[in-house]
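Report on the structure
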Amino acid sequence: MSLKVEIELTLNGATARASVPAHWSALTALRQTFDLAGAKLACGEGECGSCTVIVDGESVNSCLMPAVDLNGRTVRTVEGLWTDDGVDPVQRAFIEKGAVQCGFCTPGMIMQARYLLDRNSDITDAEIRRGLEGNVCRCTGYTKIVDAVITAARAAA
Ligand code: FES
Ligand code: FES
């Protein structure tokens, strides 16, 4: 039987509490305990960005973060982008630009893009390209993804 640890965090704007196995990653806790399946497990080694979430305002590869380190943190996942007003402008731009194919990388891409745009309201195209370098997509060839993020950035400016 594995040791469990109590954690409490602010998850997509609401307080969340759980008892999680001490050896779990934050990604596993988000997906299995909190039923937030947007962030994906691909490499599990911090190389692909499919598990990207925002923790205390920083972009994080949740596959590398211990679940116990979620305690006391403020976490935003792709599920938290949905509001009463509809989808986030980054999500809308992905739809409009056709930046989604299989969709496996999409939640991580969108969270990384949201992080970049939240940090820098005057972001350049080059900074967007550089900021997305850690997120791998096997389908799109990246052009439509970059176009979508640039579109969302310009719309917000
Ligand atoms: S699954 Fe986390 S970086 Fe690839
Ligand atoms: S859309 Fe398939 S991996 Fe990016």
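As the structure is a computational prediction, the values presented were derived from the model and not from experiment.

Cut-offs and rules
- Residues numbered from 1 in each chain as written.
- Chains lettered and ligands numbered in written order.
- Predicted model: local features only at pLDDT ≥ 70, side-chain atom pairs only at ≥ 80, totals over all residues.
- Domains from an automatic or database assignment.
- Contact = placed C-beta atoms within 7 Å.
- Helix = DSSP H or I, 4+ residues; strand = E, 2+ residues; numbered from the N terminus.
- Nonpolar A, V, L, I, M, F, W, Y, C, P; charged D, E, K, R; others polar.
- Core = buried A, V, L, I, M, F, W, Y, C linked by C-beta atoms within 7 Å.
- Buried ≥ 20, exposed ≤ 12 C-beta atoms within 10 Å, placed from the backbone.
- Axes fitted to C-alpha atoms, helices over the stretch in contact; angles between N-to-C directions.
- Parallel < 35°, antiparallel > 145°, perpendicular 65-115°, else oblique.
- Left-handed = near helix turned anticlockwise from the far one by under 90°.
- Pairing = 2+ DSSP bridges.

Under the domain assignment used here, the protein chain contains domain 1 (4-78) and domain 2 (89-156). Each of domain 1 and domain 2 was reduced to a C-alpha centroid, and the two centroids are 21 Å apart. Domain 1 puts 12 residues into the contact, and the matching count from domain 2 is 12 residues. No other element matches strand 3 (residues 52-55), which puts 3 residues into the side of domain 1 that touches domain 2. Taken together, the residues that form the side of domain 1 that touches domain 2 break down as 6 nonpolar, 5 polar and 1 charged.

Soluble globular proteins: nonpolar side chains tend toward being buried together. Within the largest apolar cluster, 42 residues are counted, with the highest numbers of intra-cluster contacts made by Val90, Ala113, Val149 and Ala152. Those elements that provide at least two residues to this core are strand 1 (4-11), helix 1 (26-33), strand 3, helix 2 (89-97), helix 3 (106-119) and helix 5 (143-156). A domain-level breakdown of this core finds at least three residues from each of domain 1 (4-78) and domain 2 (89-156). Excluding residues within four positions of it along the chain, Val149 makes contact with Val90, Ala93, Ala113, Ile128 and Leu132.

All right, on to the packing of helix 2 against helix 3 then. Orientation of helix 2 relative to helix 3, taken along the N-to-C sense of each, is 130°, at an axis distance of 9 Å. In this view, helix 2 runs oblique relative to helix 3, as classed from their interaxial angle. By crossing handedness, the relation of helix 2 to helix 3 is classed as right-handed. Of the residues in helix 3, those in contact with Val90, Gln91 and Phe94 of helix 2 are Thr106, Ile110, Ala113, Arg114 and Leu117. The class makeup of the residues in the contact of helix 2 with helix 3 is 5 nonpolar, 2 polar and 1 charged.

On to the sheet that holds strand 3. What the 5 strands build is an open sheet, ordered 2-1-5-3-4; its pairing is mixed. Looking at the sheet topology across the chains shown, the edges are occupied by strand 2 (14-21) and strand 4 (58-61). Shown here is a sheet whose adjacent strand axes are inclined to one another by a mean of 40°, direction ignored. By the bridge criterion, 8 bridges tie strand 1 to strand 2 in an arrangement that is antiparallel. Across the sheet, residue Leu11 finds its bridge partner in strand 2, namely Ala14. Across the sheet, helix 3 is in contact with strand 3 and strand 4; its angle to strand 3 comes to roughly 35°.

Unlike most non-glycine residues, Asn12 shows phi in positive territory, near 50°. With respect to the helices and strands, the residue Asn12 is situated in the loop between strand 1 and strand 2. Here Asp56, not a glycine, exhibits a phi torsion of approximately 50°, which is positive. Its place among the elements puts Asp56 in the loop between strand 3 and strand 4.

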